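Summary of the model geometry
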Amino acid sequence: MDRLLVFGTGNATVTECYNTCFSLTDGKEFLLVDAGGGNGILGILKYMKVPVERMHHAFLSHRHTDHMLGMVWVIRLIGTMMTQDRYEGTFTVTATGNWRRTWNAWYA
């Protein structure tokens, strides 16, 4: 990857900026690492000019809400784009630890 785009600060209790997350890109594809704590990720992706249609992979580093809740909004956006034929391919989320149990408990 050639470029790092930092979206958040690394502090779970921020009020003036967004939580920890970033993207790595080679100029063609974008890898999202964590997604922060809410729907603010959507505005940040737009502000930072990240073409979501070229984001096909994400990584969740751990199960803290300030890293994972934004992923719900990213998945929702990509799902909407898919139904509107504005997104090609798949979107894969990879995570560390026992993520599946946490995700299923919260969003099943």
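Residues numbered from 1 in each chain as written. Predicted model: local features only at pLDDT ≥ 70, side-chain atom pairs only at ≥ 80, totals over all residues. Heavy atoms only, no water.

1. Focus on the overall build of the protein
Each helix and strand in the protein was counted, giving three helices and five strands. Along its sequence from the N terminus, the protein presents helices and strands in the succession β-β-β-α-β-α-β-α. Counting across all 108 residues of the protein, residues that qualify as buried make up 35%. Across the protein, every contact between residues at least 6 apart in sequence was considered, and the portion connecting residues at least 24 apart equals 60%. Summing over all exposed atoms, the protein offers an accessible surface of approximately 6,600 Å²; the carbon and sulfur share of this is 54%. (Helix = DSSP H or I, 4+ residues; strand = E, 2+ residues; numbered from the N terminus. Buried < 20%, exposed > 50% of the residue type's maximum accessible area, 1.4 Å probe, protein only. Contact = heavy atoms within 4.5 Å. Areas by Shrake-Rupley, 256 points an atom, 1.4 Å probe, with all protein chains shown as cover.)

2. Looking at the confidence of the model for the protein
Of the residues in the protein, 90% reach a pLDDT of 70 or more, and the chain-wide mean stands at 88. Looking over the protein, one finds the lowest element-wise mean pLDDT in helix α3 (residues 99–107), namely 68, and the highest in strand β3 (residues 30–33), namely 96. (pLDDT = per-residue confidence, 0-100.)

3. Description of the sheet that holds strand β1 (residues 3–6)
Strand order in this open sheet of five strands is β1-β2-β3-β4-β5, and the pairing throughout is mixed. Since the sheet does not close on itself, it has two edges, and those belong to β1 and β5 (92–95), each with one partner. Each neighbouring strand pair of the sheet contributes to a mean axis angle of 20°, computed without reference to strand direction. In this structure, β3 lies alongside strand β4 (residues 55–60), joined through four bridges in parallel fashion. Opposite Phe-30, over in β4, you have Met-55 as the bridge partner. Packing against the sheet, helix α2 (residues 65–83) makes contact with β3, β4 and β5, and its axis sits at approximately 160° to β4. (Pairing = 2+ DSSP bridges. Axes fitted to C-alpha atoms, helices over the stretch in contact; angles between N-to-C directions.)

4. A short note on the packing of helix α1 (residues 40–47) against α2
Between α1 and α2, the least distance of the axes is 8 Å, while the angle of their chain directions is 65°. Packed against α1, whose contacting residues are Ile-41, Leu-42 and Leu-45, the element α2 presents Gly-70, Trp-73, Val-74 and Leu-77 at the interface. Grouping the constituent residues of the contact of α1 with α2 by class yields six nonpolar, one polar and no charged. (Nonpolar A, V, L, I, M, F, W, Y, C, P; charged D, E, K, R; others polar.)

5. Some points on the environment of Met-68
Relative to the helices and strands, Met-68 is located in helix α2. Sequence-wise, Met-68 and Asp-34 are 34 residues apart; in three dimensions their C-alpha atoms are separated by 6.1 Å.

6. Overview of the nonpolar core
Core analysis: the largest hydrophobic core is formed by 22 residues, its most contacted members being Phe-7, Leu-32, Leu-45, Met-55, Met-71, Val-74 and Phe-91. Residue contributions to this core peak at five residues, all from α2. Phe-7 has contacts with Tyr-18, Asn-19, Cys-21, Phe-22, Ser-23, Leu-32, Ile-41, Ile-44, Leu-45, Met-48 and Val-50, leaving out every residue within four places of it along the chain. (Core = buried A, V, L, I, M, F, W, Y, C linked by side-chain atoms within 4.5 Å.)

7. Points about the side chain of Thr-25
Note that Thr-25 resides in strand β2 (residues 22–25). From its side chain, Thr-25 meets the backbone nitrogen of Gly-27 in a polar contact 2.9 Å long. (Polar contact = N/O pair within 3.5 Å; in protein donor to acceptor, adjacent residues only side chain to side chain.)

8. Things to note about the side chain of His-67
With respect to the helices and strands, His-67 occurs in helix α2. Assessed through its relative accessible area of 8%, His-67 is described here as buried.

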